[in-house]
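# Chain and residue survey
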Amino acid sequence: MRKIILAVAFCLLSLWVQAQETHTLDISLKKAGAPIQSTMYGIFFEDINYAADGGLYAELVKNRSFEFPCDALQGWKAFGKVEVKADGPFERNPHYVRLQDPGHPARWTGLDNEGFFGIGVREGETYRFSVWARVPDGGESQLRIELVNTASMGEDHFLCQEELTVSGNEWNKYTLTLSPDSTLDKAVLRIFLTGKRNTVDLEHVSLFPTDTWMGHENGLRKDLAKALADLKPGIFRFPGGCIVEGADLATRYQWKNTVGPVENRPLNENRWEYSFPYRFYPDYYQSGGLGFFEFFQLSEEIGAEPLPILSCGLACQFQNEDESAHCPVDQLEPFIQDALDLIEFANGPVDSPWGKVRAQMGHPAPFNLKFLGIGNEQWGETFPAHLEPFVKSIRSAYPDIKLVGSSGPYSDGEQFDYLWSEMKRLGADLVDEHYYQSEEWFLSHAGRYDTYSRKGPKVFAGEYACHAKGKKWNHFYASLLEAAFMTGLERNADVVHMATYAPLFAHVEGWQWRPDLIWYDNLRSFRTVSWHVQQLYGQYRGSHCLKLTMDGANVTGAEGQDGLFASAVLDGNKIYVKVVNTTDKEQELSLNFTGLKKKAVVKAVEGVRLSSCACKLDKDNSLDAPALFEPAPFTFEGEGKCLSAAAPAYSFNIYILEK
Ligand code: AHR
């Protein structure tokens, strides 16, 4: 009997303890709060970690125009008699190769291209090979084009072979289709001079999968572009990042060099080529094949507003301390003209000079550019001084374009405060803030925007990611803290109008910076937990904020809130309540809806959850296990003004309700 009494007392005690630990989230439905901008969650693209050539851009040939500056044949292996010449048909890419008879019947002339960490090809798929060629002496020349597996132990190396006849001494484009008979991530493209071995000149040697994103010839890798579309992004920032500024002004990103025929887009050094000597890639260049037209087109196809960022005339200040590296303010005219011309390229009529270029590229309709950023991570008095003339000129020619300024590379401090006040003075519409910060920072900053001024520029959280000390790689816990922090973005949607995680892409063999959102090799890719966090916020963005509090306070993981973070939004008659539990124990919740009419109730529909056990907190998805972590639906039931819910340990939960 004593035992029974003790057991009952113990049960009652644990129920009481549990009841004590139930956290009540008060969600007011009295009135919808601030609208959430369609641009709220988006994408930051920068060509870092082989994100463009070797990544999203589906071109498989490296150094296709023989323009790499240290060695015109970098990426190529020449055999027999191959000569590099420099008077080719494309004035901005003048180099080409001349293949000649090697002078002995048993010898061969030709070229191998190694691709980007190899060339990934799949059995059953087709590949479009193209080349500009001529026979300088007239007549015909025979080529054999092959995809080969140089590591094969078989009788031959071929995955496929095709013959190509080049005729006449005029430059022409030739194409053929290659159909490999097996799948290989590191194939080599081989070009043989065959037949009578008549001299032939080759330029712009290109190989694309036929099946690109949306079938564009100068296309994008389908799995990677789809990973962007699936985010349901509202804003698409390009082309970076520091790459906008360049290691010096000469190598800054110049959008005019990235439009028009791809053959004549000049090569540019990649600013990330020299940044990290401990992960050094001496062959990291930008072909410009993925250029501003392609960025605008992709924005349109994935439903995101384009947000180009242009150089303000300051070279990367991290890499250039000397004033002379930058353009003096009184000589900024060409930089400002680039900005004005870009707006015309995007929005101008087809008979305007730059609108015509867009139309000739296949898009007569305007791209409807609404936002433009000037400058990336700039600082000091020099930045506002450089920005001011841009603002004046753009405002006077295009008063409707919303201008994005910057608060520099730091998330707070003297420079940050100074630049914010300068952005206000200059009347920037948005200020680009960057924070690659620690776990502690993300845990303690969900209230960052609760006290921001509601007057003046809006916030563009343009680059952010949780970088855990000693664990600077993708892992679940860091992503969970991003989800926690993002409740604070959502709650403050009246001041935060855009947010983009950074960086976006990384090739597993070519990365220099991590964590990143999406990883890939030559054939496979995977979406990280951070990708899923971004996707869930994009999918359950909602249209208006709802006030959500615990004991009258915002739920920011503050003391007494047991590591909980929460926010809520309205979407028509749907309500999405987001709760992040950053602790190792399950937490009981009571979702208490206030402001309802007397007889009105809310009804639980379902839940979606991203969670991990404690033992996998430092793991993420990978090429071999791409779905180790994925959001899963869970049953969430009930009807009334107050509903019970549970938030398991280490979980990001979205409770979906109807009113
Ligand atoms: O995202 C990588 C880099 O981080 C960006 O290029 C730069 O803006 C920031 O410093």
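Residues numbered from 1 in each chain as written. Predicted model: local features only at pLDDT ≥ 70, side-chain atom pairs only at ≥ 80, totals over all residues. Heavy atoms only, no water.

## Re the pattern of salt bridges
Close approach of charged atoms lets side chains of opposite charge pair. Going by this rule: For this document, the term salt bridge refers to a Lys or Arg side-chain nitrogen within 4 Å of an Asp or Glu carboxyl oxygen. Residue burial is assigned from relative accessible area. The probe radius is 1.4 Å, only protein chains are included, and a residue is buried under 20% of its type maximum, exposed over 50%, and partly exposed in between. Think of it this way: any DSSP run of H or I at least four residues long counts as a helix, any run of E at least two long counts as a strand, and we number them from the N terminus.
Throughout the structure, instances matching the rule amount to 33 salt bridges. A salt bridge links Lys85 to Glu83; its shortest N-O distance comes to 3.8 Å. Taking relative accessible area as the criterion, Glu83 reaches 35% and is therefore assigned partly exposed. Notably, a salt bridge pairs Asp562 with Lys585, separated by 3.9 Å at the nearest N-O pair. Taken together, the residues Asp562 in the loop between strand S26 (544–549) and strand S27 (564–571) and Lys585 in the loop between strand S28 (574–581) and strand S29 (587–594) connect sequence positions 23 residues apart. Owing to a relative accessible area of 31%, Asp562 belongs among the partly exposed residues under this scheme. Lys585 gets classed as partly exposed once you look at its relative accessible area, which sits at 32%. Bridged by salt links that share partners, the residues Glu388, Lys392, Glu422 and Arg425 form one connected network.

## Here we look at helix H5 (residues 353–360)
Short version of the rule: By construction, the arc corresponds to the directions joining the helix axis to the C-beta atoms. Contacts are assigned to residue pairs that have any heavy atoms within 4.5 Å of one another.
Along H5, the positions that sit buried rather than exposed are Trp354, Gly355, Val357 and Arg358. Looking straight down H5, one finds its buried side chains confined to an arc of 155°; they lie on one side. In H5, the exposed residues that point more than 90 degrees away from the buried face are Pro353 and Gln360. Buried residues in H5 make contact with helix H3 (292–302) and helix H4 (333–347). Directly beyond the C-terminal end of H5, a positive phi value near 110° is found at Gly362.

## Some details on the packing of aromatic side chains
To be explicit about the condition: To pair, rings of Phe, Tyr and Trp, with the six-membered ring standing in for Trp, must have centres within 6.5 Å; the planes then decide the type, stacked if under 30 degrees apart, edge-to-face if over 60, and tilted in the middle.
Evaluated as defined, the whole model comprises 52 aromatic pairs. Ring geometry for Phe292 against Phe296: centres 6.2 Å apart, planes inclined by 85°, an arrangement best described as edge-to-face. Of the two residues, Phe292 and Phe296 both sit in helix H3, 4 residues apart, roughly one turn of that helix. For the pair Phe292 and Phe296, a shared accessibility class is recorded, and that class is buried. For the ring pair Trp441 and Phe442, a centre distance of 5.1 Å and an interplane angle of 65° mean the geometry is edge-to-face.

## Side note on the site of the ligand
What counts is decided by this rule: For this purpose, a residue is taken to be near a molecule or strand whenever a single non-hydrogen atom of the residue falls within 4 Å of it. Side-chain atoms alone can form a polar contact between residues adjacent in sequence; in general such a contact is a pair of N or O atoms within 3.5 Å, and within protein one must be able to donate a hydrogen while the other accepts it. Only the protein chains shown count as cover for residues, with accessible areas throughout obtained via the Shrake-Rupley method and a probe of 1.4 Å. Note that Gly is not counted as nonpolar here; it falls among the polar residues with everything else outside the nonpolar set of Ala, Val, Leu, Ile, Met, Phe, Trp, Tyr, Cys and Pro and the charged set of Asp, Glu, Lys and Arg.
Surrounding the ligand, one finds Phe44, Glu46, Gly241, Cys242, Trp272, Asn376, Glu377, His434, Tyr436, Glu463, Pro503 and Trp513. Contact distances for the ligand include 2.8 Å between an oxygen atom and a backbone N or O atom of Cys242. Coverage of the ligand by the protein chains reaches 95% of its 290 Å² of free accessible surface. Considered class by class, the residues forming the shell around the ligand number 6 nonpolar, 3 polar and 3 charged.

## With respect to the sheet that holds strand S17 (residues 305–310)
For clarity, the threshold we go by: Should DSSP find at least two bridges between two strands, the strands are taken to pair. Every angle, taken between N-to-C directions, lies between 0 and 180 degrees, and every axis is a line fitted to C-alpha atoms, over only the stretch in contact when it is a helix.
Strand order around the closed barrel formed by 8 strands is S2-S14-S17-S18-S19-S20-S21-S22, with parallel pairing between neighbours. On average, each strand axis in the sheet is tilted by 25° relative to the strand beside it, whichever way the strands run. Summarising the sheet, strand S19 (residues 402–406) and strand S20 (residues 430–437) pair through 3 bridges and their orientation is parallel. Each bridged residue has a counterpart across the sheet, and for Gly405 the counterpart in S20 is Val431.

## Points about the pairing of strand S33 (residues 642–647)
Side-chain positions along a regular strand alternate between the two faces of the sheet. The side-chain alternation of S33 yields one buried face, formed by Leu643, Ala645 and Ala647, and one unburied face, formed by Cys642, Ser644 and Ala646. In this structure, S29 lies alongside S33, joined through 6 bridges in antiparallel fashion. In the sheet register, Leu591 faces S33, and the bridge partner there is Leu643.

## Considerations on the side chain of Arg265
By the secondary structure assignment, Arg265 is in the loop between strand S14 (235–238) and strand S15 (268–269). Residue classification places Arg265 among the buried residues on the basis of a relative accessible area of 3%. A distance of 3.1 Å separates polar atoms of two side chains, one belonging to Arg265 and the other to Glu294.

## Topic: the side chain of Ser352
Here Ser352 is to be found in the loop between H4 and H5. Among the residues examined, Ser352 registers a relative accessible area of 10% and is labelled buried.

## Remarks on the layout of surface pockets
Stated precisely, the cut-off is as follows: Whether a set of points on the 1 Å grid over the protein atoms alone is a cavity depends on a 1.4 Å probe fitting there but being unable to get out, while an open set qualifies as a pocket with protein on both sides within 12 Å along at least five of seven lines; lining residues are those with an atom within 4 Å of a point. Grid points are joined across faces, edges and corners, and a volume is the space filled by probe spheres set on the points.
Estimated volume of the largest pocket: approximately 390 Å³. Taken together, 22 residues line the largest pocket, and the ones lying closest to its centre are Arg122, Pro209, Arg221, Asp223 and Asn522. Its residues placed into classes, the lining of the largest pocket shows 9 nonpolar, 6 polar and 7 charged.

## Section: H3
Taken across its 11 residues, H3 has 9 buried, putting it largely inside the fold. Turning to H3, its buried residues are Phe292, Phe293, Glu294, Phe295, Phe296, Gln297, Leu298, Ser299 and Ile302. Those residues of H3 hidden inside the fold are in contact with strand S2 (41–44), helix H2 (222–229), S14, S17, H4 and H5. Directly beyond the C-terminal end of H3, a positive phi value near 75° is found at Gly303.

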